[in-house]
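Coordinates in review
Below are the chains, spelled out letter by letter.
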Amino acid sequence: MEESDSTLLAVNVCDVYKSYTKKVPVLQGTTLMVRKGNIYGLLGPSGCGKTSLLKLIVGRLKPDKGSVRVLGYKPGSLESNIPGSRVGYMPQELALYQEFTISETMHFFGRIHKMSAKQITERMKFLLDFLELPPPKRMIHQLSGGQQRRVSLAIALLHSPEILILDEPTVGVDPLLRQRIWDHLVGISSTGGISIIITTHYIEEARSANSVGLMRSGRILAEGPPDKLMQKFQQTSLENVFLDLCVKDDQTLNGYGAQSAGSSSQDVDVVVVDDNPDDDEDVRLLGSGSYKYQAEQSVSNGSCSHACKSFCSSFPKATNVAALLIKNINQLKRKIGFLLFQFLLPAIQIALFAFCVGGTPHHLPVDVVNMDTGLSSYGVDLSFSKAYLEGLDKDVVDIHYTSSLEDAKQHVVDGHSWAVLLFQSNFTLDTIIRVMNSSNNSTDVLKESTINVWMDETNSQITLPLQGQFIKAYQQMGPNVENQAKKIYNITHLPFDIDSVQLPITYDKPIYGKTDENFLDFVAPGIMCSIIFFLAVGLTSLTLVLERKEGLFERSLVSGVSVTEMMLGHIGTQFIVMCIQTAVLLIFSLIVFKVYNVGSIIVIIIFELLIGFSGMCLGFVISTGATDESSALQLSLAIVFPFLLISGILWPIESMPQWLQYIAIWLPLTLPVKGLRSVLGRGWGFEHYDVWSGYCVGVGWTIGFLILSLIVSHIRKLN
């Protein structure tokens, strides 16, 4: 146990220095003492360091120098339970979930403090009546500013903590209710032994406190009972006492020279009025370091036991995670419209992609200059040029016959046509001569039997389908002539080998894939992965940022919730959303738009969920690293374009420079996309390298992102 001096003190801050940058000190040799069962009013202008001092007391900051002890322990230590349920904290911000009811808000914080449902209900009933709050089913955003501040105060009072830290609790509160709040604080401190530190702009209302501390420029100028302070300085109000102290402080600083950023306040004597009634002296002078804290005795039962306790305390608590899960589910219930949009978003994205990307271009204008006269012999009218043109897909190619080659080319020049096809006058006859006398053909025969093509090749996505159509039509030219002749003239064979009028290449049944596979079949696996990945990033990249902005993050941490528990709470609820998004995505991809798939649906689902988890954890990295919504959104958007280009989603990574391939292969989406493509197109399972390596990379990035987010939160001192 602690020594006798320390047992009298709830809070003992001794000669503390704190600065956020080396040139801007916030606290300069601050010394403060709060006795158990007392109310301590901390008074001072904005920017004097009050909030920083409170954060030191609740364990959210650590001093650069000096000591802080709360209830005999260093805040943040294993034994202190601070941050935790020993402290009730009301921040300067409202720090309320606007989409919650008063009851839901109370129950959330009650669960965090391990209160039973009965305890929460009973305590809430008292606080609603005492603080004159609306019915518990009223939404927070429907309350006035003063009512919301009273709800914030009710949360701090809810679990009857040993220490209350109230930052401006009576701002905007009716004067009569303000007096009732002070009367209640006086009552619980005197009868319940609760120690209270309260900051306020209403200096005179602090006269109800047992002791006040007058703070300026990171230092406590004086502290003691209000009446004795006024008596000491022969003033009729605390405001005049503070004014007198500020004037004397300026005179002292001007006399000794302004302190440098890193200097000590030892040159300035601070007047402290002792509030110990057993002490005969009401006033004594205090130099820096006059209050010395006598360290608590060790309560550790051995290093091994202490290490075990430390490990257990750092492990996520199931009760906290459960409370956060319930809170997050309640938040989702309040956003049904947005939630439905989140569920439909994968369907919208895959539909837009299927409609806009990967399809075959239609109705492409092509000019044809056909001078072929055909051949009439053996009782058969033959026209290979006509048979060739019939082999072109009419949905893809719009044929426009032009008599002049120059006019046809001008159409391409003017942008009215994509290509020109020219058939020479002896195309049919010379084609027959060419295939029947392949070893001894003249130049004229070769020239006349050739189809001349001029194209606008500025758009490869137009050029490639057209070239495919031109080749396919040539392969079908011979069979088209034969079928036409048999149909018209009822003959069984032509007087030459029609099979020779084909390209000397045959495509047999594919080993993998299908003969009519298009760009959509290639890119669909990557799009399916990227949709789930980037939606998951969006779900979590703003969560902690918004909670920090509204003060909820800080309040939850002071209540004893860890950053890890917050992440687990969000993972639990967002996992539900992600499962539904994955189901919608797969239904629309595989069933509605019939993306080619011969693989196991179970393997595909696991792939999608794993990719979603890695995206979710990347969102946490962004959320912990970003300072505001704008930077979080910019970071999220900054990863989209590089990932789409480098991860092999839109184009094979084999087309990249070798050095870039080495980088691309380790990105979170590259190997998973490759693995999913092998599952869909080849039907591979876990036994293949492409599949299990994709899984391993996904798991590795998920764990890596989660650890990185915890490291970033530690560096930024969020946890």
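First things first, this report covers the structure right here in the doc. Computed from a prediction, not measured in an experiment: that's the story for all the values here.

Moving on to the environment of Phe 575. Within the secondary structure, Phe 575 is located in helix H20 (residues 563-592). Put simply, Phe 575 and Ala 536 are 39 residues apart on the chain and 9.1 Å apart in space, counted from C-alpha to C-alpha.

A few words on the side chain of Thr 670. Here Thr 670 is to be found in helix H24 (residues 670-682). Side-chain polar atoms of Thr 670 contact the backbone oxygen of Ala 664, separated by 2.4 Å. Beyond its immediate chain neighbours, meaning those up to four positions away, Thr 670 contacts Ile 646, Ser 647, Ile 653, Ala 664 and Ile 665.

Where nonpolar side chains cluster on the molecular surface, the patch consists of Val 699, Ile 703, Ile 707, Leu 708, Ile 711 and Ile 715 and spans about 530 Å² of accessible area. Relative to the assigned elements, Leu 708 resides in helix H25 (residues 689-715).

A word on the pairing of strand S16 (residues 419-423). Taken across its five residues, S16 has five buried, putting it largely inside the fold. Burial along S16 is two-sided: Ala 419, Leu 421 and Phe 423 facing one way and Val 420 and Leu 422 facing the other are all buried. Bridging between S16 and strand S17 (residues 452-455) involves four bridges; their strand directions are antiparallel. Looking at the pairing, Val 420 lines up with Trp 454 of S17.

Moving on: the packing of helix H3 (residues 102-112) against helix H10 (residues 318-333). Relative orientation of the contacting elements H3 and H10 amounts to 165 degrees, with a least axis distance of 8 Å. Between H3 and H10, the angle is such that the two are roughly antiparallel. Crossing handedness for the pair H3 and H10: left-handed. Contacts from Glu 104, Phe 108, Arg 111 and Ile 112 in H3 reach Asn 320, Ala 323, Leu 324, Ile 326, Lys 327 and Asn 330 in H10.

So, about the nonpolar core. Counting 118 residues, the largest nonpolar core has Leu 164, Leu 166, Leu 185, Ile 196 and Leu 669 as the members making the most contacts within it. A total of 13 residues in this core trace back to one element, the largest contributor, which is helix H17 (residues 519-540). Residues within four places of Leu 185 in sequence aside, it is in contact with Ile 39, Leu 157, Leu 164, Leu 166, Ile 196 and Ile 198. Core analysis: the second largest hydrophobic core is formed by 29 residues, Val 34, Ile 57, Leu 61 and Val 70 among them.

As a further point, take the packing of aromatic side chains. Following the criterion strictly, the structure yields 16 aromatic pairs and no others. Centroid distance Tyr 97 to Phe 108: 5.7 Å. Interplanar angle 85 degrees. Geometry classified as edge-to-face. A residue pair is termed long-range when its members are at least 10 positions apart, and Tyr 97 in the loop between strand S5 (87-90) and H3 and Phe 108 in helix H3 qualify at eleven residues. Relative accessible area serves as the criterion here: at 2%, Tyr 97 is assigned to the buried category. Here the aromatic rings of Phe 108 and Phe 109 are separated by 4.9 Å at their centres, their planes lie at 70 degrees, and the arrangement is edge-to-face. For Phe 109, a relative accessible area of 1% gives the class buried. Aromatic rings pair up to connect Tyr 97, Phe 100, Phe 108 and Phe 109 into one cluster. Residue placement shows Arg 682 over the ring face of Tyr 512; its charged tip is 5.7 Å from the ring centre.

Reading guide: rules and limits
- Residues numbered from 1 in each chain as written.
- Predicted model: local features only at pLDDT ≥ 70, side-chain atom pairs only at ≥ 80, totals over all residues.
- Heavy atoms only, no water.
- Helix = DSSP H or I, 4+ residues; strand = E, 2+ residues; numbered from the N terminus.
- Polar contact = N/O pair within 3.5 Å; in protein donor to acceptor, adjacent residues only side chain to side chain.
- Contact = heavy atoms within 4.5 Å.
- Patch = residues over 30% accessible without salt bridge, like charges linked within 9 Å, V, L, I, M, F, W, Y side chains within 5 Å.
- Areas by Shrake-Rupley, 256 points an atom, 1.4 Å probe, with all protein chains shown as cover.
- Salt bridge = Lys/Arg side-chain N within 4 Å of Asp/Glu carboxyl O.
- Buried < 20%, exposed > 50% of the residue type's maximum accessible area, 1.4 Å probe, protein only.
- Pairing = 2+ DSSP bridges.
- Axes fitted to C-alpha atoms, helices over the stretch in contact; angles between N-to-C directions.
- Parallel < 35°, antiparallel > 145°, perpendicular 65-115°, else oblique.
- Left-handed = near helix turned anticlockwise from the far one by under 90°.
- Core = buried A, V, L, I, M, F, W, Y, C linked by side-chain atoms within 4.5 Å.
- Phe/Tyr/Trp six-rings, centres within 6.5 Å; stacked < 30°, edge-to-face > 60°.
- Lys NZ or Arg CZ within 6 Å of the ring centre and 35° of its normal.

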